[in-house]
Amino acid sequence: MTMTEGQRVGKQRAGWRPDRLREQREAHGLTLEKAGERLRAVAEQAKLKGIPAANPQTLWQHEQGEVYPGPHYRRAYCLLYRATEPDLGFRTALPGEETAFNLTPLDDRLNGSQVLAVERAIHRIAPGSDQANHFDLQQRIIDAWKRRHTGGDPHRPVLILVGGFAGSGKTELARFFVQLTGWPLLDKDPLTRPLVERLLAALGCDANDRHTDLYREKVRPVEYDCLMQSAMANIKCGISTVLTAPFISEMTDPAWMQRLTNRAGSMGVDVFPVWVRCDEESMREYIGFRSAARDAWKLARWDEYMATIDLDLRPAVPHLVVDNRLGTAVTLTDQARQAMGAMYA
């Protein structure tokens, strides 16, 4: 079989062991055809786009190492076989990353598998600075999840800011927090995109512009103002809220963060900045896969875009970190959703 140049490059990925996919499939007693059927079912349940085929030929190419599976294929494989990416040979494990993460059957509700899966996923939240209290936020999220059916959360309301570069996985992490806690999610893009696009068009610019000085100076401040005013409307009512946006300028501005913390504190609300760490290759893969028009400039000028990115950038205030390099954190949230029987419900 003739391979394209992209396939040959993919075959050289560090730590990739395609034979493990075949071993997993055979251990489950599945033919290529049956594995494809189950992979499609898992993807449909989890609302993972991008794997409409999952035909025997595609799976065979994955197992033979001719084609490296894309991000949603890898997530679906992890759900199908209840394993992590290192378990399935997609890559080597990061230092300290758990492997052999096996869940019990979904219909077993009495053995604590849900709690274990949720706690392992939530424990990806780590201190990003010496003064940050990651145990506090972990406990608040878990408590809210456990109390959803027992009359509510007795703690002070919280405002969680989930930030990071484009394609880092921040939206997936924010959605997971929301699924556990029942708190509302305010995602900058769907909340403000119609306004931003109309405003850019009115200013005579491309509606998908996210890189010019005009966008940064005239439009972006309005965009974030809408997001933060929406958040304030919630916390004024004592409603814990999860926000997700890059927050690059905001989290690195101590004065901006102090104003937010003071304002929220005056209403009895705690603020938790959470930074999602990722790697360049994964960000490019995620951005390319979602095929959003606003990302066209980044993809067309990737090196130029990356020259503006500091992967070591961190918020200038006490903050928490979720390490999503190589999709580690998102994989664990998928596992937890599966254990809860709540795949993207």
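These numbers were taken from a predicted model, which means no experiment stands behind them.

## Things to note about the overall build of the chain
- Check the secondary structure of the chain and you find 16 helices and 6 strands.
- For the chain, the proportion of contacts with a sequence separation of at least 24, taken over those separated by at least 6, is 71%.
- By element, 50% of the accessible surface of the chain is carried by carbon and sulfur atoms, the whole surface being about 16,200 Å².

## Quick notes on the packing of helix α8 (residues 170-181) against helix α16 (residues 328-340)
- One can describe the packing of α8 onto α16 by two numbers: an axis separation of 10 Å at closest approach and a directional angle of 30°. When the interaxial angle is binned, α8 and α16 end up roughly parallel. Relative to α16, the crossing made by α8 is left-handed. Of the residues in α16, those in contact with Glu172, Leu173, Arg175, Phe176, Gln179 and Leu180 of α8 are Ala329, Val330, Thr333, Ala336, Arg337 and Met340.

## Topic: the packing of aromatic side chains
- In total, this model carries 9 aromatic pairs according to the counting rule given.
- A centroid spacing of 6.4 Å and a plane angle of 10° characterise the contact between tyrosine 77 and tyrosine 81, whose relative ring orientation is stacked. With tyrosine 77 and tyrosine 81 both in helix α5 (residues 71-81), this residue pair falls 4 residues apart, about one helical turn. Each member of the pair, tyrosine 77 as well as tyrosine 81, carries the same accessibility label: buried.
- Among the aromatic residues, those joined into a ring-pair cluster are Trp16, Tyr68, Tyr73, Tyr77, Tyr81 and Phe90.
- The ring of tyrosine 305 carries the charged tip of lysine 298 above its face, separated from the ring centre by 5.8 Å.

## As for the packing of helix α3 (residues 32-46) against α5
- Axis separation between α3 and α5 bottoms out at 9 Å; the angle between their running directions is 105°. With respect to each other, α3 and α5 are oriented roughly perpendicular. Across the interface between the two elements, Ala35, Arg38, Leu39, Val42 and Ala46 from α3 touch Tyr73, Ala76, Tyr77, Leu79, Leu80 and Tyr81 from α5.
- Class assignment for the residues of the contact of α3 with α5 results in 10 nonpolar, no polar and 1 charged.

## Quick notes on the sheet that holds strand β6 (residues 320-323)
- If you walk across this open sheet you meet the 6 strands as β1-β6-β5-β2-β4-β3, and the pairing is mixed. Looking along the sheet, the strands with just one partner apiece sit at the ends: β1 (125-127) and β3 (185-187). Within the sheet, the average angular offset between the axes of one strand and its neighbour, ignoring direction, is 25°.
- Taken together, the 3 bridges between β1 and β6 define a ladder with antiparallel strand orientation. Among the inter-strand pairings, alanine 126 is bridged to a residue of β6, identified as valine 321.
- Helix-sheet contacts for helix α9 (residues 188-202) involve β3 and β4 (241-244), and the interaxial angle to β3 is about 45°.

## A short note on the confidence of the model for the chain
- Put simply, the chain has an average pLDDT of 86, and 88% of its residues get 70 or more.
- Counting contacts from residues 1-10, a segment whose pLDDT is below 50, to residues more than four positions away or on other chains yields 12 contacts.
- In the model, residues 100-111 has pLDDT below 50 throughout and makes 27 contacts with residues more than four positions away in sequence or in other chains.

## Some details on helix α10 (residues 213-235)
- Between its first and last C-alpha, α10 extends 32 Å over 23 residues, near the 33 Å set by a 1.5 Å rise per residue.
- Maximal helix bending in α10 amounts to about 45°, located at valine 219; proline proline 221 follows within four positions.
- Of all the positions in α10, only Tyr215, Val219, Arg220, Glu223, Tyr224, Leu227, Met228, Ala231, Met232, Asn234 and Ile235 are classed as buried.
- Along its buried surface, α10 packs onto β2 (158-163), β3, α9, β4, α11 (248-251) and α12 (254-266).

## Side note on the side chain of glutamate 250
- Take glutamate 250: it is sitting in helix α11.
- In terms of polar contacts, glutamate 250 uses its side chain to reach the side chain of arginine 220, at 2.8 Å.

## Section: unusual backbone geometry
- Although it is not a glycine, arginine 82 adopts a positive phi angle of roughly 50°.
- Mapped onto the secondary structure, arginine 82 falls in the loop between α5 and α6 (113-122).
- Unusually for a residue other than glycine, phenylalanine 247 sits at a positive phi of about 55°.
- Owing to a relative accessible area of 0%, phenylalanine 247 belongs among the buried residues under this scheme.

## Description of the environment of leucine 94
- Among the secondary structure elements, leucine 94 is positioned in the loop between α5 and α6.
- Note: C-alpha distance between leucine 94 and arginine 325 (231 residues apart in sequence) is 8.4 Å.
- When sequence neighbours within four positions are dropped, the list of residues in contact with leucine 94 reads Asp323, Arg325, Leu326 and Thr328.

## Side note on the pattern of salt bridges
- Evaluated as defined, the whole model comprises 24 salt bridges.
- Here arginine 22 ties to glutamate 26 by a salt bridge, and the two come within 3.4 Å at their closest N and O atoms. Residue arginine 22 and its partner glutamate 26 are both found in helix α2 (residues 19-27); the two are separated by 4 residues, about one turn of the helix.
- Assessed through its relative accessible area of 45%, glutamate 26 is described here as partly exposed.
- Arginine 74 is the partner of glutamate 285 in a salt bridge, and the nearest nitrogen-oxygen pair spans 2.7 Å. Taken together, the residues glutamate 285 in helix α13 (residues 280-290) and arginine 74 in helix α5 connect sequence positions 211 residues apart.

What counts as what
Residues numbered from 1 in each chain as written. Predicted model: local features only at pLDDT ≥ 70, side-chain atom pairs only at ≥ 80, totals over all residues. Heavy atoms only, no water. Helix = DSSP H or I, 4+ residues; strand = E, 2+ residues; numbered from the N terminus. Contact = heavy atoms within 4.5 Å. Areas by Shrake-Rupley, 256 points an atom, 1.4 Å probe, with all protein chains shown as cover. Axes fitted to C-alpha atoms, helices over the stretch in contact; angles between N-to-C directions. Parallel < 35°, antiparallel > 145°, perpendicular 65-115°, else oblique. Left-handed = near helix turned anticlockwise from the far one by under 90°. Phe/Tyr/Trp six-rings, centres within 6.5 Å; stacked < 30°, edge-to-face > 60°. Buried < 20%, exposed > 50% of the residue type's maximum accessible area, 1.4 Å probe, protein only. Lys NZ or Arg CZ within 6 Å of the ring centre and 35° of its normal. Nonpolar A, V, L, I, M, F, W, Y, C, P; charged D, E, K, R; others polar. Pairing = 2+ DSSP bridges. pLDDT = per-residue confidence, 0-100. Expected span 1.5 Å × (residues − 1). Bend = angle between axes of the 7 residues up to and from the residue. Polar contact = N/O pair within 3.5 Å; in protein donor to acceptor, adjacent residues only side chain to side chain. Salt bridge = Lys/Arg side-chain N within 4 Å of Asp/Glu carboxyl O.

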